[in-house]
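# Coordinates in review
Each chain, written out:
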Amino acid sequence: MSGEEISIQLNPQARVRLMHIGDEQNPLIVIDDVLLNPDDLIEAAARTPFAAPEATYYPGVNAAIPTAYLQALVPILRPTLMRAFGIGKGQMSARAFFALSTRRSDELVPLQKIPHYDQPDPRGLAMVHYLARDQAGGTGFFRHNTTGYESIPPERRERYMAIVARELEAAAAHLNGYTGADTPNYTLLEAVEPKFNRLILYRSNLLHCALFDGARLSEDPRTGRLTANSFFFCG
């Protein structure tokens, strides 16, 4: 996706923190105050048409993001990604888009009320950039209690999905709210607060979910739960 062109100004004083979460000690990068001009990105989102995504379970709408966003961030982030995730110097592909959460918990299907993984390949990375002020929620990372899995690489996928299908059938009636610490069959390992202009990076095969409890849902990017979501693949 690509949106209108704007200038992206990186903050040389951005604060970088590397965490390792859960029993698997999966890396999680948290970077605060990423941009000097985050409001320009919000205004770009406000001028861009949003639409429901196809073939995903995202509980809201997406929009194109300016191409300058990844063009500015990828060269700066790449050395950190190489160290934290052990990726090589091969080609890296990336895509990004605006995401605006708009759906209430009673509008979600059971599969949207439990943690998920984006794709199983450990060479894939995900990034979330929080662009909303004074929002609740954030992003949670989970362990699946039955299997003990905190990530779903290819060799775990078949077993995990079979067990989850059975558990969803049994527990669907008890999934009454958004995903969180009380979600049946999962343990919340880490909850990252959605601090304005904070960016997080993690392997996209981690079990995770956006946390919506207390969030103000709106279709206005200036007031709603706006994020910039990115995916990287390191060949």
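Our subject is the structure that appears above.
The structure contained in this document is the topic of the report that follows. Quantities reported herein were computed from a predicted structural model and do not represent experimental measurements.

### Looking at the pattern of salt bridges
Taken as a whole and judged by the stated rule, the model has 10 salt bridges. A salt bridge links Arg104 to Glu107; the nearest nitrogen and oxygen atoms lie 3.8 Å apart. Relative accessible area serves as the criterion here: at 32%, Glu107 is assigned to the partly exposed category. Taking the shortest distance from any N to any O, the salt bridge between Arg143 and Glu150 comes out at 2.9 Å. A relative accessible area of 19% means that Arg143 is categorised as buried.

### Quick notes on the side chain of Asn229
By the secondary structure assignment, Asn229 is in strand 10 (residues 225–234). Side-chain polar atoms of Asn229 contact the side chain of Thr227, separated by 2.8 Å. For Asn229, the residues in contact, after removing those within four places along its chain, are Tyr58, Arg95, Ala96, Phe97, Ala99, Met127 and Val128.

### Observations regarding the pairing of strand 4 (residues 92–101)
Taken across its 10 residues, strand 4 has 7 buried, putting it largely inside the fold. By the bridge criterion, 4 bridges tie strand 3 (residues 60–63) to strand 4 in an arrangement that is antiparallel. Within the sheet, the bridge partner assigned to Gly60 lies in strand 4 and is Ser101. Bridging between strand 4 and strand 10 involves 10 bridges; their strand directions are antiparallel. Residue pairing across strands places Ala99 opposite Thr227, the latter belonging to strand 10.

### Details of the environment of Pro153
The topology assignment puts Pro153 in the loop between strand 6 (138–144) and helix 3 (154–171). Between the alpha carbons of Pro153 and Leu207 there is a distance of 11 Å; along the sequence they are 54 residues apart. Pro153 has contacts with Pro120 and Asn205, leaving out every residue within four places of it along the chain.

### Focus: the sheet that holds strand 1 (residues 15–21)
The strand order 1-2-8-5-10-4-3 describes an open sheet built from 7 strands, whose pairing is antiparallel. A strand with exactly one partner marks an edge of an open sheet, and here the two such strands are strand 1 and strand 3. Put simply, the sheet's adjacent strands are angled 25° from each other on average, direction ignored. Both strand 1 and strand 2 (residues 26–32) contribute to a ladder of 7 bridges, which runs antiparallel. Within strand 2, the position partnered with His20 by the bridge is Pro27.

What counts and what doesn't
- Residues numbered from 1 in each chain as written.
- Predicted model: local features only at pLDDT ≥ 70, side-chain atom pairs only at ≥ 80, totals over all residues.
- Heavy atoms only, no water.
- Salt bridge = Lys/Arg side-chain N within 4 Å of Asp/Glu carboxyl O.
- Buried < 20%, exposed > 50% of the residue type's maximum accessible area, 1.4 Å probe, protein only.
- Helix = DSSP H or I, 4+ residues; strand = E, 2+ residues; numbered from the N terminus.
- Polar contact = N/O pair within 3.5 Å; in protein donor to acceptor, adjacent residues only side chain to side chain.
- Contact = heavy atoms within 4.5 Å.
- Pairing = 2+ DSSP bridges.
- Axes fitted to C-alpha atoms, helices over the stretch in contact; angles between N-to-C directions.

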